[in-house]
Amino acid sequence: MRRSTLPPIACRVADTLIARGHHGVIVTQPAPTPTVADAARTLGVEVGAITSSLVFLLDDDPVLLLVSGVHEVDLESTGKRLEGTLTPAPVEMVREVTGQPIGGVAPVGHPTNLPTWVDTALSDHREVWASGGHPNTVFRTSFQELIRITAGLPIDVV
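About the criteria used
- Residue positions are given per chain, counted from 1 along the sequence in the order it is written.
- In keeping with the predicted nature of the model, local features appear solely for residues at pLDDT of at least 70, side-chain atom pairs appear and are counted solely at 80 or more, and the whole-chain, interface and lining totals rest on all residues.
- By convention in this description, side-chain values take in all heavy atoms of the structure and omit both hydrogens and water.
- The definition of a nonpolar core used throughout is a set of buried Ala, Val, Leu, Ile, Met, Phe, Trp, Tyr and Cys residues joined through side-chain atoms within 4.5 Å.
- The classification of residues rests on relative accessible area computed with a 1.4 Å probe and restricted to protein chains. Under 20% of the type maximum is buried, over 50% is exposed, and intermediate values are partly exposed.
- Put simply, DSSP H or I for four residues or longer makes a helix, DSSP E for two residues or longer makes a strand, and each gets a number counted from the N terminus.
- Any pair of residues with heavy atoms lying within 4.5 Å of one another is described as a contacting pair.
- Of the two site types, the cavity is a set of points on a 1 Å grid over the protein atoms alone where a 1.4 Å probe fits but cannot get out, and the pocket is an open set with protein on both sides within 12 Å along at least five of seven lines, each lined by residues with an atom within 4 Å of a point.
- Grid points are joined across faces, edges and corners, and a volume is the space filled by probe spheres set on the points.
- Gly is put with the polar residues, along with every residue not named as nonpolar or charged; the nonpolar set is Ala, Val, Leu, Ile, Met, Phe, Trp, Tyr, Cys and Pro, and the charged set is Asp, Glu, Lys and Arg.
- Salt bridge, as used here, is a side-chain nitrogen of Lys or Arg placed within 4 Å of a carboxyl oxygen of Asp or Glu.
- For two strands to pair, DSSP has to find at least two bridges joining them.
- Expected span of a helix: the number of residues minus one, times 1.5 Å.

In terms of nonpolar packing, the biggest core is built from 27 residues, with Leu17, Ile26, Val55, Val118 and Leu146 touching the most fellow members. At the level of elements, helix H1 (8-19), strand S2 (50-58), strand S3 (61-68), helix H4 (91-98), strand S6 (128-131) and helix H5 (143-150) are the ones that each hand at least two residues to this core. Broken down by element, this core gets its largest block of residues, five residues, from H1. Core analysis: the next-biggest nonpolar cluster, separate from the first, contains 11 residues, Phe56, Val63, Trp117 and Val157 among them.

Here it is, written out as structure tokens:
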């Protein structure tokens with residue numbers, strides 16, 4: 001998709017991707033994809049290849065978990081792995097720390113770098129798809145590249 005047709009937030013994500021050595025190509029979906037299943041169907045991939053960027057509080061600090069579309073984060077066990085108490089971040093905080101709308105949070109392009117963990121289930125897929133910073137945008141990457149571009153650490157979230 002040409003840059004001029006991308007929302008400004010998606011352009012910021014593309015710039016961050018490029019700065020971190022990714023090709024930076026962001027695709028605009030032809031129709032809204034409000035669920036992981038919708039996104040997978042539109043892209044023609046398995047649900048597990050869709051990456052959800054979810055903001056949580058680890059004790060009182062915001063963190064980012066990049067989660068396979070087939071998983072829901074087990075707050076108790078994942079919190080223990082992260083050595084704290086994990087709770088969903090309030091919507092207002094998600095917008096504040098990412099600068100992106102709910103339903104479109106990308107793994108990168110935030111005003112500040114959030115500590116990031118990447119669901120190991122994403123490694124089951126040769127390529128994975130993540131939001132491009134806007135609800136109708138996505139980009140293709142891999143598990144290893146996702147770890148690299150986010151400086152994330154792998155984790156089991158279930």
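Our focus in this paragraph is the side chain of Thr51. In this structure, Thr51 sits in strand S2. Not counting residues up to four positions away in its chain, the partners in contact with Thr51 are Leu66, Val67, Leu122, Val128, Trp129, Ala130, Ser131 and Leu146.

When its volume is computed, the largest pocket comes out at roughly 740 Å³. No other element matches S2, which puts seven residues into the lining of the largest pocket. Residues belonging to the lining of the largest pocket are distributed by class as follows: 21 nonpolar, 14 polar and one charged.

The next point concerns the pattern of salt bridges. On inspection of all chains with the given rule, the structure shows four salt bridges. Across the salt bridge formed by Lys80 and Glu76, the nearest N and O atoms sit 3.5 Å from each other. Residue Lys80 and its partner Glu76 are located together in helix H3 (residues 75-81), separated by four residues, close to a single helical turn. A salt bridge links Glu145 to Arg148; the nearest nitrogen and oxygen atoms lie 3.3 Å apart. You can see Glu145 and its partner Arg148 sitting in helix H5, three residues apart, about one turn around the helix.

Okay, the pairing of S3 next. With six of eight residues buried, S3 is to be regarded as a mostly interior element. Inspection of the sheet shows S3 paired to strand S5 (residues 116-119) by three bridges, in the parallel sense. Paired with Leu64 across the bridge in S5 is Thr116.

As a further point, take unusual backbone geometry. In the Ramachandran plot, Glu83 falls in the positive-phi region, its phi being about 60 degrees despite a non-glycine side chain. Here Glu83 lies in the loop between H3 and strand S4 (86-88). Residue Ala151 is not a glycine yet carries a positive backbone phi of 55 degrees. Summarising the element assignment, Ala151 is placed in the loop between H5 and strand S8 (153-155). Residue class for Ala151 comes out exposed when judged on its relative accessible area of 64%.

Bringing H1 into the picture now. End to end, H1 covers 17 Å across 12 residues, agreeing with the expected 16 Å (1.5 Å per residue, within 8%). Among the residues of H1, Ala10, Cys11, Val13, Ala14, Thr16 and Leu17 are the ones counted as buried. For H1, the elements touching its buried residues are strand S7 (137-141) and H5.

On to the environment of Val36. Looking at the secondary structure, you find Val36 in helix H2 (residues 36-43). Along the primary structure Val36 and Gly48 are separated by 12 residues, whereas in three dimensions their C-alpha atoms are 8.9 Å apart. The residues touching Val36, leaving out its near neighbours within four places in the chain, are Val47, Ile50, Ser52 and Gly69.

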